[in-house]
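Observations on the three-dimensional arrangement
The chain contents come next:
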Amino acid sequence: MSAVLSLKMAYRRFRATLGRLALSVIAVALGVGLVVAFRLMNVAVMHAFLDATDAIAGRASLTVRSGEGLTFADDIIQTVAALPGVKLAAPLVRSVTFPDDGSGELLTIHGVDLTHEASVRVYHSTENSNEVIDDLIAFLNQPDSIILGREFAERRGLQKGKSIQLVTPTGVRSFTIRGLLEAQGLARILGGRLVVMDLYAAQEAFTAKGQINQIDLMISHDQDVDRVKKAVAAVLPGGLTVEEPASRRELIRKTIGAFQTMLTAFSFLSVFAGFVICYSRLGTVFESKAWEVGLLRAVGLRQGTVFLELLKESLLLAAAGIVLGATLGTLIGYYGLPYLANTTAIAFRLPLPSVEGSLNADAFLLGGLVGLFAALAAATIPALRLTQAQPVAALTMRGREAPVDDSPVRWGLRTLLLVLIAASVGLQRVAESTLLGHVTSGLIGLAICAFATPLVTYGGRVLLAVWQPLFGATGRLAAQRLGQRRRRASLTVATLGVGLAVVFLFGTLAWSFEGTLVSILSRSLGADLIISSAFVSGAYWSAPVSEHLLAELSAVPGIAIAAGEQSKEIEYAHDVIFLKTYDPVSFRDARVYRWPLDESLPTKPLELVGIGEAVMVTRAFSYRYGLHAGDAIALDSPTGTVEFPVAAVSGVPVENAVIMSRAVYSKHWNDPMISLAHVVLEDHADIGVVRAAIARQLGSKYRLSIRSRAELIDYFADQVRRAFSLSYLMEAIVFFLVLVGIGDTLAASVIESTREFGTMRAVGISRTQLFSLVMLEGTAIGLLGLFLAGVAGLALGVFWVDMQFPAILGWKLDVHLPAMFAFGAAILTLLLCLAGSLLPSLHAARLEPAAALRYE
Amino acid sequence: MDEIAAIRLERVSKHYGTGQQVLPALSDVDLGVPNAEFLSIMGPSGCGKSTLLNLIAGLDTPTSGRVIVAGHELAHMSDDARSDLRLKHIGFVFQSFNLFPTFTVEENVVWPLEFLGVRWRKARERAQAILGEVGIDPSARDRRPAELSGGEQQRVAIARALVAEPQLLLADEPTGNLDSHTGQAILDLLRRLNVHHDLTVVMVTHNTFAATYGHRTIELRDGRIVREVRAPRDPTARVVPLRS
């Protein structure tokens, strides 16, 4: 029993092969590191945003809202406040603003009724909570009065009595700091990036008179919350909802959770890559020690005992990888946390809270478990194969590779795998299941591994035919050596194939996304200039600007049309969709916007939409919800549920969206803001002159970004590239593994071929020829891996763009193959193969023939 | 004691391949090896010597016939049981030594005892004792095999084979990779172990001189025993080579 549990023997063997297993240790460490890092960061980010949600909710028992960022009339307050059980109904205006210093730092605006605020939302919890403001009357009488978070103020060198320029939808305005909030409660959560002002002043500056974002309700202690909630819901007009803060908390958890799940999936992808590399390396190392397994069996160890000993080696590998990975993960988590928090805030248009990292035991436990599983799973098949070999046969394998099993059974399994892939792709077309799509992707990954051996066999023959005329005998020998070491070569080819296929997959996704977006924007945008706020309120969304801008633009010489566009996310069918709204002229005049329609009513659909008697839905929306021209759609708005006939299905824009007249939207959703202004120039107007005029007359007031059509398309394309920037990290890891993998494979091959090379040198082959031989061998492996990756990557990329992406997001993308990217990646891979082959080639060239011939 | 070390082969045949590709390695071999005998098996390359040894060790199974070692018919034993038999009762010495290149001399000898459940300290003591008996200097115990001469490596391999105190030692061309002087030293060692420990030794060799170390020599040709020669049973007798 003690021998079963003892790690002594395994440690001695592991210690001896640590150099060769270093790649596997690194691969496990990277996977574990990313799992730990994302777990640490996700937990910290989730806590921070949930704390922020709780802080925003304050001590409210219930909240009345109309949807994220939407406003409703404040006349409902009295009705709600009069209900039995409601102790207090406190209105809130919530918006965002930016200091006019170009920093782009987002501040959260809370417009509150300061006479009641302290009882609902604790901003300042010291004994002198009423002395945040020196003089409340003066504060209320000055509409430019604000209370600012002390942390933010100190960072900017601001004090009470000083003024600050803030960008509002109606332009840049000056506000006076009449109070500072200590770093407590919501101010602390938001890192001081909080501006509190009078409710009516906030309405005037940021929303509209009489419009609020939510009502916080305090319930009497002796009242049942559910009963009061029902009573409130009964008096609310359609489009308004009442919820407990916990629901909001759950919504945030679900929303951010989905994003974090994607990040976690990415980290598990790294674990899978680590598993493939471990499988490859352990298989190679175990095969090279087949004779040792034979010896163990010959001396008298049982099959099961030998199997356990091999697994123990992988256990030690896992332990080394886990320790390294945990350290790496902690470092990545520490430095990546602010970046992830910022990305999350931008992606979900939430206020950015202060995030504090902490070391969670479960992150390390999860990382440890996946690392252990990856290493043990990777070792199981090679260990099983070795221990089942006959001891006598194994003993003769010293310095030789076990023959590859290329039996009809194997080919049968490969064929079955292809059939399974074809079947799952066919099923995916019908079922549109995300899970099935992942299974299909996994099967394709397995197919890469399964077809690596035949590729080495038959690809080696092709290379032989090509290289002999190109490189002579050296080329022929290099290609032949692949066939002599098929198992090792195919394991490395499989590793390269999987890694590079994932690179090509991400490249295809990114290119298709960008290409589709550029194509759609190019087809739809008609305006000469597109104007927006210079500030971004979330993701790629510009901060809202007052629609008064349109009238001011129309007054600029040279401008023929200035049409507004506003976009808003709303809830629909327990999901979130976009409302894309345009001024009526956008539907009449193709100079403003063009609408390629997939299907439509026979009678002037665009005109119907323009006059507000119908709406359109996008192709993605129609695909996801099954709505077509002629159907009807009901939408909840702050003014009640509104129903529209669907006049057409449009090919633009790309999102799940309902398209309507901005006039209709503004009426029902109480939103007079715009996010974009489409400007059409008069004939013969000079675009540069008009642009300069806009900047001069309106730029300083509104802080505008003025882009041409081409520039806007470039901007959105750049946003897509930023969204996929996480894939660069993955690509860097893959290329690193290419470099190390090739080097490791060739190093092992050279060592085992020492006697062979000694023979070659003795026969008369020069050092240069031997150097070239090994370099060509490495290049051959790289070429075969690239070929496999290209085929599999293409299959994966097309599958994901055509089927999996629509299943996940409901967006249909056009397939754009990243030819230049693939070419660049291929060149880089070959260069890395050459670089990885360099040291082993030099080692081979430097072998002394006499010593090499004696090598055992 | 006599029964435990005895080997009996009854009409043992071993064929490889099937159909028209059948290759007979051994044909109808009858052989008995009493306890404490030193048996040499001779024959040209491909005559079935190593096959015979592998069958005795339970590393391979005969196509027909019975192989009985230490009173156990190997065909009736499971793979695990045959492994246990080898670990506890049989030592194996190979032509190419087959030492773990990354283990020290001591580690190469100790590891079988770990799998027999012997505690580390006691295992080390036994290893050191057996290494001393085969003539390995204490200073060499922390060296790796690559740092030893061929003769030293084979002594270590013999030590490994004997550390579990088996009753039977199987040696497959133990002097094949050694020069004549070193080889003779190894043969002397094997003879001494046979005499002083009542160790049954079955040694395969193609070297006539090496074969004379056995009490009995059998000659194999084309998988059959064609000749048997008995030497005088004098434990201390030493064969003088015809040529110095």
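Residue positions are given per chain, counting from 1 as you read along its sequence in written order. By the order in which they are written, chains take letters starting at A while ligands take numbers starting at 1. Only residues with pLDDT of at least 70 get local features here, since the model is predicted, and only at 80 or more are side-chain atom pairs given and counted; chain-wide, interface and lining totals rely on the full set of residues. With hydrogens and water excluded, all non-hydrogen atoms of the structure serve as input to the side-chain values.

1. Some points on the overall build of chain A
Along the backbone of chain A there are 30 helices and 25 strands. Principal-axis analysis of the C-alpha atoms places the extent of chain A at approximately 100 × 65 × 50 Å. Only protein chains enter the accessibility calculation, which uses a 1.4 Å probe; a residue whose area is less than 20% of its type maximum is buried, one above 50% is exposed, and one in between is partly exposed. Evaluated residue by residue, chain A yields a buried proportion of 55% over its 856 residues. Contact between two residues is taken to exist if any of their heavy atoms lie within 4.5 Å; hydrogens are not considered. Intrachain contacts of chain A at a sequence separation of at least 6 include 82% that bridge at least 24 residues. Numbering goes from the N terminus for both helices and strands, where a helix is a DSSP run of H or I of at least four residues and a strand is a run of E of at least two.

2. Concerning the nonpolar core
To form a nonpolar core, buried Ala, Val, Leu, Ile, Met, Phe, Trp, Tyr and Cys residues must be joined to one another through side-chain atoms within 4.5 Å. Leu 482, Val 493, Leu 500, Trp 595 and Phe 757 of chain A are the most contacted members of the largest nonpolar core, which has 97 residues in total. Ranked by residues supplied to this core, first place goes to helix H18 (residues 486–524) of chain A with 18 residues. Those residues in contact with Val 493 of chain A, other than ones at most four positions away along the chain, are Ala 452, Leu 455, Val 456, Ile 781, Leu 784, Gly 785 and Leu 788 of chain A. Listed in part, the 72 residues of the second largest apolar core include Ala 318 of chain A together with Leu 26, Leu 59 and Phe 115 of chain B.

3. Some remarks on the interface of chain A and chain B
Across the contact, 26 residues belong to chain A and 25 residues belong to chain B. Summed over both partners, the interface of chain A with chain B comes to about 2400 Å²; 61% of that surface belongs to carbon and sulfur atoms. The three residues of chain A that bury the most area against chain B are Arg 12, Val 299 and Arg 302 of chain A, which together make up 23% of that side's buried surface. Counted as salt bridges are all cases of a side-chain nitrogen of Lys or Arg within 4 Å of a carboxyl oxygen of Asp or Glu. In this structure, the connection of chain A to chain B is made through 6 salt bridges. For the salt bridge of Arg 302 of chain A with Asp 80 of chain B, the shortest nitrogen-to-oxygen distance reads 3.8 Å. N or O atoms within 3.5 Å of each other form a polar contact, as long as, within protein, one can give a hydrogen and the other can take it, and as long as residues adjacent in sequence are counted only when both atoms are side-chain atoms. Taken together, chain A and chain B are joined by 7 residue pairs in polar contact (both at pLDDT 80 or more). Note on terms: buried area is the combined drop in 1.4 Å-probe accessible area of two parts once they are placed together, counting the loss on both.

4. Some words on the sheet that holds strand S2 (residues 23–33) of chain B
All names here are of chain B. One bridge is not enough; two strands pair if DSSP finds at least two bridges between them. Read from one edge of the open sheet, 4 strands run S2-S1-S4-S5, paired in antiparallel fashion. Both outer strands of the open sheet, S2 and strand S5 (72–73), are each paired with one neighbouring strand and no more. For helices, the fitted line uses only the C-alpha atoms of the stretch in contact; every axis is such a line through C-alpha atoms, and the angle between N-to-C directions lies from 0 to 180 degrees. On the sheet, helix H2 (residues 49–57) packs against strand S1 (7–16), S2 and strand S4 (64–69) and is oriented at approximately 120° with respect to S1.

5. Observations concerning the environment of Gly 782 of chain A
Residue and element names in this part refer to chain A. Mapping Gly 782 onto the fold places it in helix H28 (residues 767–809). We classify Gly 782 as buried; its relative accessible area is 0%. C-alpha of Gly 782 to C-alpha of Ile 742: the two residues are 40 residues apart in sequence and 7.8 Å apart in space. Other than its neighbours up to four places away in sequence, Gly 782 contacts Leu 496, Ile 742, Leu 830 and Cys 833.

6. What about a nonpolar patch on the surface?
Residue and element names in this part refer to chain A. Together, Met 820, Phe 823, Ile 827, Leu 831 and Leu 834 give the surface a local cluster of nonpolar side chains, amounting to about 510 Å² of exposed area. Position of Ile 827 relative to the elements: it lies in helix H29 (residues 819–845). When its relative accessible area of 37% is taken as the criterion, Ile 827 is described as partly exposed. Here, patches come from residues exposed beyond 30% relative accessible area and free of salt bridges, joined within 9 Å for like charges and within 5 Å for nonpolar side chains (Val, Leu, Ile, Met, Phe, Trp, Tyr). In this description, accessible areas are obtained by the Shrake-Rupley approach with a 1.4 Å probe, and a residue is regarded as covered only by the protein chains that are shown.

7. Looking at the confidence of the model for chain B
When pLDDT is low, close inspection of the predicted coordinates is not appropriate. Residue and element names in this part refer to chain B. One number per residue, pLDDT, summarises how confident the predictor is, and it ranges from 0 to 100. Mean pLDDT over chain B stands at 87; residues scoring 70 or higher make up 93%. Here helix H1 (residues 2–5) stands out as the least confident element of chain B, with mean pLDDT 47; strand S8 (residues 200–204) is the most confident, with 95. Within the model, pLDDT remains below 50 along residues 239–244, and this stretch shows 3 contacts once partners closer than five positions in the same chain are excluded. Listed scores for the predicted complex are pTM 0.74 and ipTM 0.81.

8. So, the environment of Leu 136 of chain A
In this fold, Leu 136 of chain A is placed in helix H6 (residues 136–141). Leu 136 of chain A sits 573 residues away from Arg 709 of chain A along the chain, and the two C-alpha atoms are 49 Å apart.

9. Observations regarding the packing of helix H16 (residues 408–431) of chain A against H28 of chain A
All names here are of chain A. Running from N to C, H16 and H28 cross one another at 45°; their axes reach a closest spacing of 10 Å. One way to sum up the angle between H16 and H28 is to call them oblique. Between H16 and H28 lies a crossing of left-handed hand. In this structure, H16 contributes Val 425, Gln 428 and Arg 429 to the contact, and H28 contributes Phe 799, Asp 802, Met 803, Gln 804 and Ala 807. Polar here means any residue other than Ala, Val, Leu, Ile, Met, Phe, Trp, Tyr, Cys and Pro, which are nonpolar, and Asp, Glu, Lys and Arg, which are charged; Gly is therefore polar. Across the contact of H16 with H28, the residue classes tally to 4 nonpolar, 2 polar and 2 charged. Any angle that is under 35 degrees is reported as roughly parallel, and any over 145 degrees as roughly antiparallel; angles of 65 to 115 degrees are reported as roughly perpendicular and all others as oblique. Should the near helix be turned counterclockwise from the far one by less than a right angle, the crossing is left-handed, whereas a clockwise turn marks it as right-handed.

10. As for the sheet that holds strand S10 (residues 224–230) of chain B
Residues and elements named next belong to chain B. Spatially, the 6 strands line up as an open sheet ordered S6-S7-S8-S3-S9-S10, and their pairing is mixed. With partners counted over all chains shown, the strands left at the sheet margins are strand S6 (90–93) and S10, one partner each. Averaged over all pairs of adjacent strands, the angle between strand axes in this sheet comes to 15°, irrespective of strand direction. Two elements, strand S7 (residues 168–172) and S8, share 5 bridges in a ladder whose sense is parallel. Across the sheet, the residue bridging to Leu 170 is Val 202, located in S8. With respect to the sheet, helix H3 (residues 79–89) is in contact with S6 and S7, its orientation differing from that of S6 by roughly 80°.

11. Re unusual backbone geometry
The residue after Val 652 of chain A, namely Pro 653 of chain A, is reached through a cis peptide bond having omega -10°. Mapped onto the elements, Pro 653 of chain A comes out in the loop between strand S21 (640–650) and strand S22 (657–661). Unlike most non-glycine residues, Asp 28 of chain B shows phi in positive territory, near 50°. Examined against the element boundaries, Asp 28 of chain B turns out to sit in strand S2.

12. Looking at the packing of aromatic side chains
A pair of aromatic rings is counted whenever rings of Phe, Tyr or Trp (Trp by its six-membered ring) have centres within 6.5 Å, and the orientation is called stacked for planes under 30 degrees apart, edge-to-face for over 60 and tilted otherwise. Going through the model one piece at a time under the given rule, you end up with 22 aromatic pairs over all chains. An angle of 15° between the planes, with centres 4.7 Å apart, marks the rings of Phe 92 of chain B and Phe 94 of chain B as stacked. With respect to burial, Phe 92 of chain B and Phe 94 of chain B carry one shared label: buried. Taken together, a centroid distance of 5.7 Å and an interplanar angle of 80° make the contact between Phe 209 of chain B and Tyr 213 of chain B edge-to-face. A cation over a ring is seen here: Arg 12 of chain A above Phe 103 of chain B, with NZ or CZ 5.4 Å from the ring centre. Any Lys NZ or Arg CZ that is within 6 Å of a ring centre and within 35 degrees of that ring's normal is treated as a charge sitting over the ring. The ring of Tyr 715 of chain A carries Arg 707 of chain A above its face, with NZ or CZ at 4.0 Å from the centroid.

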